[in-house]
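Coordinates in review
Listed below, chain by chain, are the residues.
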Amino acid sequence: MRRKKAVIVGIVTAALLIGGAAFGLDALDKAYPPPLEAARQRSFEVLDRDGKLLRAFATPDGRWRLRTTAGEVDPQFLRMLVAYEDQRFYDHHGVDPWALLRSAWQLASNGRIVSGASTLSMQVARLIEPRADRSFSAKLLQAARALQIERRLNKAEILDLYLNIAPYGGNLEGVRAASLAWFGKEPTRLDTAQAALLVALPQLPEKRRPDRFPDAAKQARERVLQRLAVERVVGEGEAERASTAAVPLNRQDLPAFAPHMAVAARARYPNAANVRSTLNLTIQRELEAVARHAAEKIGDKVSVAIVMADAQTGDILAEVGSADYLDTARRGFVEMSRAIRSPGSTLKPFIYGLAFEDGLVGQETIIEDRPADFSGYRPRNFDMHYQGDVSVRQALQLSLNVPAVKLLDAVSPAALMVRFRRAGVKLVLPANEAPGLAIALGGAGISLVDLVQLYAGLAGGGEPVRLGDGIRSSPERMEGDRLFSDAAIWNISDTLSGVLPPLGMKQRGIAYKTGTSYGYRDAWSVGYDGRHVIGVWVGRADNGSVPGIAGYATAAPILFDAFAKSGVAITPMPAAPSGVARLSVADLPANQRRFTTTASGLLSASRRESAPRIVYPPEGARVELSSQSGISPLVLKLQGGRAPFRWLANGRPLPDPSHRRNSEWRPEGQGFSTLTVIDADGRASSVRVFVE
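Residues numbered from 1 in each chain as written. Predicted model: local features only at pLDDT ≥ 70, side-chain atom pairs only at ≥ 80, totals over all residues. Heavy atoms only, no water.

Description of the overall build of the chain
Each helix and strand in the chain was counted, giving 22 helices and 25 strands. Counting only contacts in the chain whose residues sit at least 6 apart along the sequence, the fraction spanning at least 24 positions is 70%. For the chain, the exposed surface amounts to about 32200 Å²; the carbon and sulfur share of it is 53%. (Helix = DSSP H or I, 4+ residues; strand = E, 2+ residues; numbered from the N terminus. Contact = heavy atoms within 4.5 Å. Areas by Shrake-Rupley, 256 points an atom, 1.4 Å probe, with all protein chains shown as cover.)

Some remarks on the nonpolar core
The tendency in soluble globular proteins is for nonpolar side chains to be buried as a group. One finds Phe350, Leu454, Leu458, Phe484, Tyr528 and Val533 to be the most contacted residues of the largest nonpolar core, which totals 81 residues. If one sorts the elements of this core by residue count, helix 19 (residues 448-459) sits on top with nine residues. Beyond its immediate stretch of four places on either side in the chain, Phe484 contacts Phe350, Gly353, Leu354, Glu357, Arg419, Leu458, Gly462, Ile489 and Ile492. Trp64, Val175, Ala178 and Ala195 belong to the second largest nonpolar core, which has 57 residues in total. (Core = buried A, V, L, I, M, F, W, Y, C linked by side-chain atoms within 4.5 Å. Buried < 20%, exposed > 50% of the residue type's maximum accessible area, 1.4 Å probe, protein only.)

Structural notes on the sheet that holds strand 13 (residues 522-528)
Read across the open sheet, the five strands follow the order 7-6-14-13-12; overall the sheet is antiparallel. Both edges of this open sheet fall to strand 7 (316-320) and strand 12 (511-516), since each of them pairs with a single strand only. Taken over all neighbouring pairs, the strand axes of this sheet differ in orientation by 10 degrees on average, direction set aside. Where strand 13 and strand 14 (residues 532-539) come together, seven bridges link them in antiparallel fashion. Following the sheet pairing, Gly527 is matched in strand 14 by Ile534. (Pairing = 2+ DSSP bridges. Axes fitted to C-alpha atoms, helices over the stretch in contact; angles between N-to-C directions.)

Quick look at unusual backbone geometry
Residue Pro617 is reached from Tyr616 by a cis peptide bond, and omega for that bond is 0 degrees. Along the chain, the position of Pro617 falls in the loop between strand 16 (613-616) and strand 17 (622-623). Located in the positive-phi region is Ser399, a residue other than glycine, with phi close to 55 degrees.

So, the sheet that holds strand 16
Strand order in the open sheet formed by three strands is 16-20-23, and the pairing between neighbours is antiparallel. Looking at which strands have only one partner, the edges of the open sheet turn out to be strand 16 and strand 23 (662-665). Averaged over all neighbouring strand pairs, the angle between strand axes comes to 40 degrees, with direction disregarded. In terms of strand pairing, strand 16 meets strand 20 (residues 634-639) through three bridges, oriented antiparallel. The residue bridging Arg613 from the neighbouring strand is Gln639, located in strand 20.

Quick word on the pattern of salt bridges
This model, assessed by the stated rule, comprises 32 salt bridges. Linking Lys406 and Glu368 is a salt bridge whose minimum nitrogen-to-oxygen distance equals 3.9 Å. One end of the pair, Lys406, is in helix 17 (residues 401-411); the other, Glu368, is in strand 8 (residues 366-369), and 38 residues separate them in sequence. What makes Glu368 partly exposed here is its relative accessible area of 32%. Taken together, the salt bridges that share partners define one network made up of Glu368, Arg370, Asp389, Lys406 and Arg594. (Salt bridge = Lys/Arg side-chain N within 4 Å of Asp/Glu carboxyl O.)

Re the side chain of Ser337
Positionally, Ser337 belongs in the loop between strand 7 and helix 15 (348-357). Apart from the residues within four sequence positions on either side, Ser337 is in contact with Ala305, Val307, Glu319, Val320, Gly321, Ser447, Leu448 and Val449.

As for the environment of Arg79
With respect to the secondary-structure elements, Arg79 resides in helix 3 (residues 75-85). Residue Arg79 is classed as partly exposed on the basis of its relative accessible area, which comes to 46%. Along the primary structure Arg79 and Val230 are separated by 151 residues, whereas in three dimensions their C-alpha atoms are 8.0 Å apart.

A closer look at the packing of aromatic side chains
Taken as a whole, this structure holds eight aromatic pairs when the rule is applied. With centroids separated by 6.1 Å and ring planes inclined at 50 degrees, the aromatic side chains of Phe44 and Phe57 adopt a geometry described as tilted. Of this pair, Phe44 sits in strand 1 (residues 44-47) while Phe57 sits in strand 2 (residues 53-57); the two residues are 13 residues apart in sequence, bridging distant segments of the chain. The same class applies to Phe44 as to Phe57, namely buried. Judged by centre distance (6.2 Å) and plane angle (55 degrees), the ring pair of Tyr455 and Tyr528 falls under tilted. In this pair, Tyr455 is assigned in helix 19 and Tyr528 in strand 13, connecting sequence segments 73 residues apart. By the burial criterion, Tyr455 is buried, and Tyr528 matches it. Grouped by ring-pair contacts, the aromatic residues Phe350, Phe420, Tyr455, Phe484 and Tyr528 constitute a single cluster. In this arrangement the basic side chain of Arg55 is found over the ring face of Phe57, its NZ or CZ atom lying 4.3 Å from the centre. The ring of Phe690 carries Arg622 above its face, with NZ or CZ at 4.2 Å from the centroid. (Phe/Tyr/Trp six-rings, centres within 6.5 Å; stacked < 30°, edge-to-face > 60°. Lys NZ or Arg CZ within 6 Å of the ring centre and 35° of its normal.)

Regarding the side chain of Arg176
With respect to the secondary-structure elements, Arg176 resides in helix 8 (residues 175-183). For Arg176, a relative accessible area of 8% gives the class buried. Of the polar contacts made by the side chain of Arg176, one reaches the side chain of Glu45; its length is 3.1 Å. Once residues lying within four places of it in the same chain are set aside, the contact partners of Arg176 are Glu45, Leu53, Leu66, Arg67, Thr68, Glu186 and Pro187. (Polar contact = N/O pair within 3.5 Å; in protein donor to acceptor, adjacent residues only side chain to side chain.)

Focus: the packing of helix 3 against helix 7 (residues 155-165)
Contact geometry for helix 3 and helix 7: axes closest at 13 Å, N-to-C directions at 100 degrees. Here helix 3 is positioned roughly perpendicular relative to helix 7, judged by the angle of their axes. Listed contacts from helix 7 to Phe77, Leu78 and Leu81 of helix 3 are Leu159, Tyr162 and Leu163. In the contact of helix 3 with helix 7, the residues fall into six nonpolar, no polar and no charged. (Parallel < 35°, antiparallel > 145°, perpendicular 65-115°, else oblique. Nonpolar A, V, L, I, M, F, W, Y, C, P; charged D, E, K, R; others polar.)

Concerning helix 18 (residues 413-422)
Taken residue by residue, helix 18 has Pro413, Leu416, Met417, Arg419, Phe420 and Arg422 as its buried positions. Here the buried face of helix 18 lies against helix 15, helix 17, helix 19 and strand 25 (684-691). Positive phi shows up at Gly424, right after helix 18, with a value of about 80 degrees.

What about helix 19?
Compared with the 16 Å implied by 1.5 Å per residue over 12 residues, the 16 Å span of helix 19 between its first and last C-alpha is a close match. With 11 of 12 residues buried, helix 19 is to be regarded as a mostly interior element. Looking only at helix 19, the buried set comprises Leu448, Val449, Leu451, Val452, Gln453, Leu454, Tyr455, Ala456, Gly457, Leu458 and Ala459. (Expected span 1.5 Å × (residues − 1).)

Given below as structure tokens:
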């Protein structure tokens, strides 16, 4: 009876002791948890539109620790890692008793440590809480921490943690940073030799760095390949083949593309783990190389900026802010793709677009290129020569200055600014100055990004789109009116498509325009196909002169090279709209056969005061003309001007000129229409209305 009672007391006491110990250990576990949060700190990453790494930033303590998971790593590497480091990883709970017994037996038999007993969980514990000594007490703490880690994380999470924090020499941590630095590629596909080296490095990362100790690195790799468990994973023949491969002798730079955008993204989202941009890594890499090589060829202190955008979505696919971000002589840290500079002649196509839309000219309309005086403003051509009578098509293709100023004078700078606002772009004008004729030759400021946005309206068939910033913000379609009519867009694109490519370059099926600012400070070239736009700027970031640079000779070759190197297939231009074609001079309406102004270039003040003005319908009016019997005619009224008057609807002349100031027009259907009247002196007035 006493014995039975004693047994019961013993059992109860043991249970209490075990329970107390368990409670105590649980309390200790909660009171002193493993420092996992610090281990979860990763490098800030900027990704391209497909999730590929554009640029990473080191952690605050200067470590390259790129996030990855086992699913993003070569499966053979994972099998080799487990086979070499912890064969029973998926069976134990942080500590492998069989490995402990084996290590103890080998120590007793050989008098030295033959193999360790650390599991991957224990190695994670050592990495998140490093200790200088390798004493028994340190190992005991690692074992305790491993048990704690196993309570908190499952096996997949522990493996992911190891893959992210294992040291690989220098400030490299994690298999992804190591693979990029030693092999120049992501760890998704590794050959056997590469995988074996990455298994071997974390044990002694500094003494096995292949760039400093290649022999030690190779020997460590051989030990991995010769381990029987590893050999079973890769196969005997494969292990022998891998042993003959060379180890990398140099550490490669981690990806550092789109540096200006990446720095901006980090500043905007300081607490984010990563930011996915709209850029395309392949295009960005190629265009950065194009800019760098072009700048080196042109000369010292010269920078190059390139922007490529999708005119349908508004996404920026590549943005090169400078030729070399780290080149202080070129001031590469200055983001020239967003700097305000004089655009030279690159705005001329939009002047011609207004003239086409208003019906003032056709492509084959004759226009004079001779010296002219516009109230004291006397534009001259770039080469100081004049061509005499030329077609409007030739005038735009040759970028002649006098014809462009004449057309801007006719359509008015204010009307041009309205079209720019439709595209979401605002030119920077000199302080307290109204828009003037000098805009035609670059007398205003604009950034390369905004210039590409303007041309995206042409590539998009007249539908303006606001470009995104390349980071996270979504681009948007502009609400409201089109940039130009379909006919005007086609005439611009057809004309610019006929510009000869730069010397030595192949025709690429693009429309493009060049420009050079005053004093040889900026050279521009902007081109587009049926979907994509690329803009190029060349100059000095300090606004210094670069003698000899020009849009056609300097920037255009870079544009053509950028289109070729981008890898994007050329999208054909849209066909001409129904009823629109390039007519010969003889087939043009009489008022479009020659564009004329007064001999001095500007109309006299008295003539200007009596210029025609449409008083009905007013600009932006919505007129209801639909009825059961069809669409009723719209009465047109004007004031001023000199008869006869010719009316045009959407660029097409109405049947006969009229000496009356009232007329009628019957729309073909509902929607926006542009109405223009031209008087006998070639002066014009236009309004845009919506027919309901």
